[in-house]
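Chain residues, written in single-letter form:
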Amino acid sequence: MWSLPPSDSVLHLLAFVALTAQGMTAALAAGRRSMDYVGVCMLGSITALGGGTLRDLFLGHYPLAWVANPIYLVLPGAAALLTILFARLVHRLQLAFIVLDAIGLVVFTMTGCDIAWQMDVSLPIVIVSGMVTGCAGGVLRDVLCNDVPLLFRSELYASVSVVTGLFYATAFGLNLNAELWTILTFILGISFRLLAVRYKWEMPKFVFKEDER
Amino acid sequence: MWSLPPSDSVLHLLAFVALTAQGMTAALAAGRRSMDYVGVCMLGSITALGGGTLRDLFLGHYPLAWVANPIYLVLPGAAALLTILFARLVHRLQLAFIVLDAIGLVVFTMTGCDIAWQMDVSLPIVIVSGMVTGCAGGVLRDVLCNDVPLLFRSELYASVSVVTGLFYATAFGLNLNAELWTILTFILGISFRLLAVRYKWEMPKFVFKEDER
Amino acid sequence: MWSLPPSDSVLHLLAFVALTAQGMTAALAAGRRSMDYVGVCMLGSITALGGGTLRDLFLGHYPLAWVANPIYLVLPGAAALLTILFARLVHRLQLAFIVLDAIGLVVFTMTGCDIAWQMDVSLPIVIVSGMVTGCAGGVLRDVLCNDVPLLFRSELYASVSVVTGLFYATAFGLNLNAELWTILTFILGISFRLLAVRYKWEMPKFVFKEDER
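All of these numbers come straight from a predicted model, not from anything done at the bench.

Asker: Can you lay out the overall build of chain A for me, pointing to particular residues and giving the numbers?
Answerer: The helix and strand tally for chain A stands at 9 helices and 0 strands. For chain A, the succession of helices and strands along the chain, N to C, is α-α-α-α-α-α-α-α-α. Its C-alpha atoms give chain A a radius of gyration of 17 Å, near enough to 17 Å, the size a compact globule of 213 residues would have. Overall, chain A is about 50 × 50 × 35 Å in size when its C-alpha atoms are taken along their principal axes. Here chain A holds 213 residues, and 57% of them are scored as buried. Surface accessibility of chain A: about 8,800 Å² in total, with carbon and sulfur atoms responsible for 68%.

Take a look at the structure:
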C-alpha cells in the first residue's frame, strides 16, 4: 500500500483513514482473545500492514513502505491502543467501520495494483498484487488469533478486491484519464462491497465430509 | 520451484502435474473446513506454491517463479476449483494422489536444490532449499486450516526430502552424467516415499507431559 | 541476529548460547504437542532463527544469516533433538532456561538494532528491527503449535525488547564508548526481564466481550 504517487493525495488520505480503521477493528479481535496491550498494538499494526508487506516481499519492492515511512507502522498501532478506551463505542459504530473497512479494501487494492504496475509485471500479477495488499492483513490477523481465516470462509471480500483490481487495471492499458478512472474504480469497489454486506451475498461453500477415514 | 533448466523438460512436465495434484488435495482440506470457493482456490495456490515462494524469499531469488510465470499460480488454483465438482472421485482416487503427491515432493525437492545450487550457496543450504521447496507448502496449508502441521507430526515426508536432496546434491560435486543422476534420484525418492506410506514408516514421536505446571 | 561485528565476540558467544537455549525450550513445546523428531528439530530451528529471518526479509538484508552460516541453522536443530534425551532435566532446570531465554531476548534485540543501524534506517525502525529479531521466533513457534502467541497475551517480553532497544539505540546517536554501552544495555535488559518474571509484572489485558453478535 501507500507508496502512492503524490498526485493521488485523496487516495493517500483515504489510505491513512483505512490504516487507522483496520488497526481499530483488529484491536477488537485482540480483545476477544484477551490479549494484553502489547498484543493489541501489534495485532493492529500487523493487520493493517501485513498485506502491503507481503506484496512488497513477493515483488522484491524495497524498502518496505513502513520501513521508509515508520508513520504507517505507528498509526494503526496507536489507533489499536486508543480503541481499548473506546471499545464499546467502536463496537457500536459497527456500521461506520464496515464502510471504513470497505474503503481500506478498495484503496489498498488500488495501491497494490499501482505498485505492481510500476514494477512492470504481467496483468495477472497486478491483480494478485492488489488482492494480496487488500486482503492478506486480515488473514494474518486470523492466523494470529488462531482462527481459520474469515477470508476463506465467507462474504465477498477477495472477490471485491479482484473485481476492483480488474476494473482498475483496465485503465492502465487504455490510457484513459487517470483521475476519472480512479474515482470510478473507487465508487465501483465500495458499492460492490457494501451491497455484498447489505444483502449478505456469499460465495458458495465447498463442504466435504468423507464417510470413512 | 519450477525455474528448471529447459533441458529438464520431463521434470518440468512432472512439476506441472505435481502443482495440479497439490492444488487438488488442498481443495479437499479446504472442503473439510467448509471454506468457500475463494478459500478453496487460494488454499490450492498457496499449498502448491508456498514452498517455492518461501525458498525464493530466503535466497533472495527474484523474481519469484509465479510472478515471472503466472501460469504456476493459475494452474493449482483452477485445479482446486475443479476439485469441487469431482470431490468424491478425487477422494476415491486416494492412491493415485498419494503417488502424485510423492512426485511433487521429489520434483520440488530437486528443483529447490537446483536453484540453490545456481545461487552458489553451501551444501547444507542446498539441502534445506530442497526441503523448504518440497515441504513448506503443506505447512502453510495446515496453519491456514488451523491445524498443527502434519509435517511435524507423522510420516516420513521431510526425511524423504532430505534424503532425496542429499543423494541429488552429491551429483553436483561429482560431475556425473546429469540426466542419469536425475532419473536415479527421482526413482530413489519416489520409492522411499511410497514404501514409507505403504509400510507406515514413521519417525519416533517426542511426547512430553510435565507433571506439574 | 548474529551478523555481529567480529569485535563483539562476547555478544557473539552469547548469541550461540541463546540459539541453543531457544532450540531446547522449543523442543519442549514440540513434545507437548507430541511432534515427531522431524518436528522437534524444525520447531527448534524455526523458533531460534525465525526472528532474525523475518528481520532480514523486512530489511532486504541478504544473504540471510543462516544461509551465509549454516551453523546457525544446525545448532538449534541439534540442540532440540538432544533435548529429547534430557527432557526431564531441561524441564527441571526451568530457572536456568529462563535466564538463558532472557539472554537470548536481549542479545537478539541488540543484534537486530545493530543490523538495522548498519542499513541506515530511521530510529523507530531500528527499535522495531530489534523487537522483531528478539520476539518473532516465539510467535512463529506458537502459530505452528496452534496457539495464540504467548507474546500477545502475557508477561513483559516485547516491552523488555523495546526498552532494551531504545536504551541501546541512544548510544548510536551519542558516540559513547561502544563496549561500555553494550555491557550496560545487556545488564539493563537482563535485569528488567528477570525482575518481570520474578515479580510477575504483566501488561494489562484488553478483554472485550460483546453482548450481542
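Asker: Can you tell me about the relation of the copies chain C and chain B, naming the residues and giving the values?
Answerer: Taken as rigid bodies, chain C and chain B are interconverted by a rotation of 120 degrees and an axial shift of 0.0 Å, the fit giving an RMSD of 0.0 Å. Overall, the copies show the geometry of a three-fold rotation axis. Within chain C, C:Asn146 has its C-alpha nearest the rotation axis, a separation of 3.8 Å. The residues that chain C uses at the interface reappear at the interface of chain B in only 12% of cases, marking distinct surfaces.

Asker: Can you break down the interface of chain A and chain C residue by residue, with the values?
Answerer: Contact with chain A, which involves 34 residues of that partner, is made by 35 residues of chain C. Connecting chain A to chain C are 0 salt bridges. Inspection of the region where chain A meets chain C yields 8 residue pairs in polar contact (both at pLDDT 80 or more). Considering only residue class, the side of chain A that touches chain C consists of 22 nonpolar, 8 polar and 4 charged.

Asker: Describe helix α6 (residues 94–118) of chain C, naming the residues involved and giving the relevant values.
Answerer: Taking 1.5 Å per residue, 25 residues should reach 36 Å; α6(C) reaches 36 Å between its end C-alpha atoms and fits that length. In the stretch just after α6(C), C:Asp120 is the one whose phi turns positive, near 70 degrees.

Asker: Kindly report on the pattern of salt bridges, identifying the contributing residues and their values.
Answerer: Pairing between side chains becomes possible if they bear opposite charge and their charged atoms approach one another. Residues and elements named next belong to chain B. One pass over the structure, following the stated rule, counts 12 salt bridges over all chains. When the shortest N-O distance is used, the salt bridge between Arg 55 and Asp 56 registers 2.8 Å. Each member of the pair Arg 55 and Asp 56 is classed as buried. In this structure, Arg 141 engages Asp 142 in a salt bridge whose closest nitrogen and oxygen atoms are separated by 3.1 Å.

Asker: For the UniProt feature "transmembrane region" (unreviewed entry) in chain A, give the residues involved together with the corresponding values.
Answerer: Residues and elements named next belong to chain A. Taking the numbering used here, the UniProt-annotated feature "transmembrane region" (unreviewed entry) corresponds to residues 71–90, 97–117, 123–144, 156–174 and 180–199. When the span residues 71–90 is considered, its composition is 95% helix and 0% strand, and the gap between its end C-alpha atoms is 23 Å. Overall, residues 123–144 shows 100% helix and 0% strand. The separation of its end C-alpha atoms is 31 Å.

Asker: Any chance you could break down the interface of chain C and chain B for me, citing the residues and the numbers?
Answerer: Contacts between chain C and chain B engage 33 residues on the former and 35 residues on the latter. Taking both partners together, chain C and chain B bury about 2,900 Å²; carbon and sulfur atoms supply 68% of that area. Counting every contact that joins chain C to chain B gives 0 salt bridges. Applying the counting criterion to the chain C and chain B interface returns 8 residue pairs in polar contact (both at pLDDT 80 or more). Looking at the side of chain C that touches chain B, the elements with two or more residues in it are α1 (9–32), α2 (37–59), α3 (65–68), α4 (71–85), α5 (87–92) and α7 (123–144) of chain C. Among the elements that take part in the side of chain C that touches chain B, α2(C) stands out by supplying 9 residues, more than any other.

Asker: Outline the UniProt feature "domain: Glycine transporter" (unreviewed entry) in chain A, listing residues and values.
Answerer: Residue and element names in this part refer to chain A. Mapped onto the present numbering, the UniProt feature "domain: Glycine transporter" (unreviewed entry) falls at residues 13–87 and 99–170. In residues 13–87, helix accounts for 84% and strand for 0%; the two terminal C-alpha atoms are 24 Å from one another. Between the C-alpha atoms that bound residues 99–170 there is a distance of 25 Å. The span itself is 76% helix and 0% strand.

Asker: So what about the packing of helix α6 (residues 94–118) of chain A against helix α9 (residues 178–198) of chain A? Which residues, and what values?
Answerer: Residues and elements named next belong to chain A. Interaxial distance between α6 and α9 falls to 9 Å at its minimum, and their mutual angle equals 135 degrees. Compared by their axis directions, α6 and α9 come out oblique. Taken as a pair, α6 and α9 cross one another with a handedness that is right-handed. Note on element contacts: α9 touches α6 through Thr 182, Thr 185, Phe 186, Gly 189, Ile 190, Arg 193, Leu 194 and Val 197, opposite Ile 98, Val 99, Ala 102, Ile 103, Leu 105, Val 106, Val 107 and Met 110. The residue inventory of the contact of α6 with α9, partitioned by class, reads 12 nonpolar, 3 polar and 1 charged.

Asker: Can you lay out the environment of C:Thr164 for me, pointing to particular residues and giving the numbers?
Answerer: Residues and elements named next belong to chain C. Along the polypeptide, Thr 164 turns up in helix α8 (residues 158–174). Among the residues examined, Thr 164 registers a relative accessible area of 1% and is labelled buried. In this structure the C-alpha to C-alpha distance between Thr 164 and Arg 193, which are 29 residues apart in sequence, comes to 9.9 Å. Not counting residues up to four positions away in its chain, the partners in contact with Thr 164 are Val 106, Thr 109, Met 110, Thr 185 and Gly 189. Here Val 160 takes part through its backbone oxygen, which lies 2.6 Å from a polar atom of the side chain of Thr 164.

Asker: Please give an account of the relation of the copies chain A and chain C that cites residues and values.
Answerer: Superposing chain A onto chain C requires a rotation of 120 degrees together with a translation of 0.0 Å along the rotation axis, leaving an RMSD of 0.0 Å. Of the residues that chain A buries at the interface, just 12% are likewise interface residues in chain C, meaning the two copies contact each other through different surfaces.

Asker: Run through the nonpolar core, naming residues and quoting values.
Answerer: Core analysis: the largest hydrophobic core is formed by 114 residues, its most contacted members being A:Trp66, B:Trp66 and C:Trp66. When neighbours within four sequence positions are excluded, C:Trp66 is seen to be in contact with B:Phe58, B:Ile125, B:Val128, C:Leu49, C:Thr53, C:Tyr72 and C:Leu73. With 101 residues, the next largest nonpolar core counts B:Ala21, B:Ala27, C:Ala21 and C:Ala29 among its residues.

Asker: Tell me about helix α9 (residues 178–198) of chain B, residues and numbers included.
Answerer: Residue and element names in this part refer to chain B. The end-to-end C-alpha separation of α9 is 30 Å, in line with the 30 Å expected for 21 residues at 1.5 Å each. Along α9, the residues classified as buried are Trp 181, Thr 182, Thr 185, Gly 189, Ile 190, Arg 193 and Ala 196. Buried residues in α9, looked at end-on, bunch into an arc of 155 degrees, giving them a common side. The exposed residues of α9 that point more than 90 degrees off its buried face are Glu 179 and Arg 198. Of the residues one or two after α9, Lys 200 is the one with positive phi, at around 50 degrees.

Asker: Could you give an account of the side chain of C:Thr53, with specific residues and numbers?
Answerer: All names here are of chain C. Along the chain, Thr 53 falls in helix α2. In this structure Thr 53 comes out as buried when scored by relative accessible area, which is 9%. Looking at Thr 53, its side chain comes within polar contact range of the main-chain oxygen of Leu 49, at 2.8 Å. Only 2.9 Å separates the side chain of Thr 53 from the side chain of Trp 66, close enough to count as a polar contact.

Asker: How would you summarise the side chain of B:Asp56 if you had to cite specific residues and measurements?
Answerer: Looking at where B:Asp56 falls in the secondary structure, it is placed in helix α2 (residues 37–59). Apart from residues no more than four positions distant in its own chain, B:Asp56 is found in contact with B:His61, B:Leu64 and B:Ala65.

Asker: Quick rundown of a nonpolar patch on the surface? Include the residues and the values.
Answerer: A surface patch of nonpolar side chains, amounting to about 500 Å² of accessible area, comprises A:Leu82, A:Leu85, A:Phe86, A:Leu89 and A:Leu93. Turning to its location among the elements, A:Leu82 is positioned in helix α4 (residues 71–85).

Cut-offs applied
- Residues numbered from 1 in each chain as written.
- Chains lettered and ligands numbered in written order.
- Predicted model: local features only at pLDDT ≥ 70, side-chain atom pairs only at ≥ 80, totals over all residues.
- Heavy atoms only, no water.
- Helix = DSSP H or I, 4+ residues; strand = E, 2+ residues; numbered from the N terminus.
- Rg over C-alpha atoms; globule rule 2.2 N^0.38 Å.
- Buried < 20%, exposed > 50% of the residue type's maximum accessible area, 1.4 Å probe, protein only.
- Areas by Shrake-Rupley, 256 points an atom, 1.4 Å probe, with all protein chains shown as cover.
- Least-squares fit on C-alpha atoms with pLDDT ≥ 70 in both.
- Contact = heavy atoms within 4.5 Å.
- Salt bridge = Lys/Arg side-chain N within 4 Å of Asp/Glu carboxyl O.
- Polar contact = N/O pair within 3.5 Å; in protein donor to acceptor, adjacent residues only side chain to side chain.
- Nonpolar A, V, L, I, M, F, W, Y, C, P; charged D, E, K, R; others polar.
- Expected span 1.5 Å × (residues − 1).
- UniProt positions renumbered as here; feature names shortened; annotations may be inferred.
- Buried area = accessible area lost by both parts, 1.4 Å probe.
- Axes fitted to C-alpha atoms, helices over the stretch in contact; angles between N-to-C directions.
- Parallel < 35°, antiparallel > 145°, perpendicular 65-115°, else oblique.
- Left-handed = near helix turned anticlockwise from the far one by under 90°.
- Core = buried A, V, L, I, M, F, W, Y, C linked by side-chain atoms within 4.5 Å.
- Arc of directions from axis to C-beta.
- Patch = residues over 30% accessible without salt bridge, like charges linked within 9 Å, V, L, I, M, F, W, Y side chains within 5 Å.

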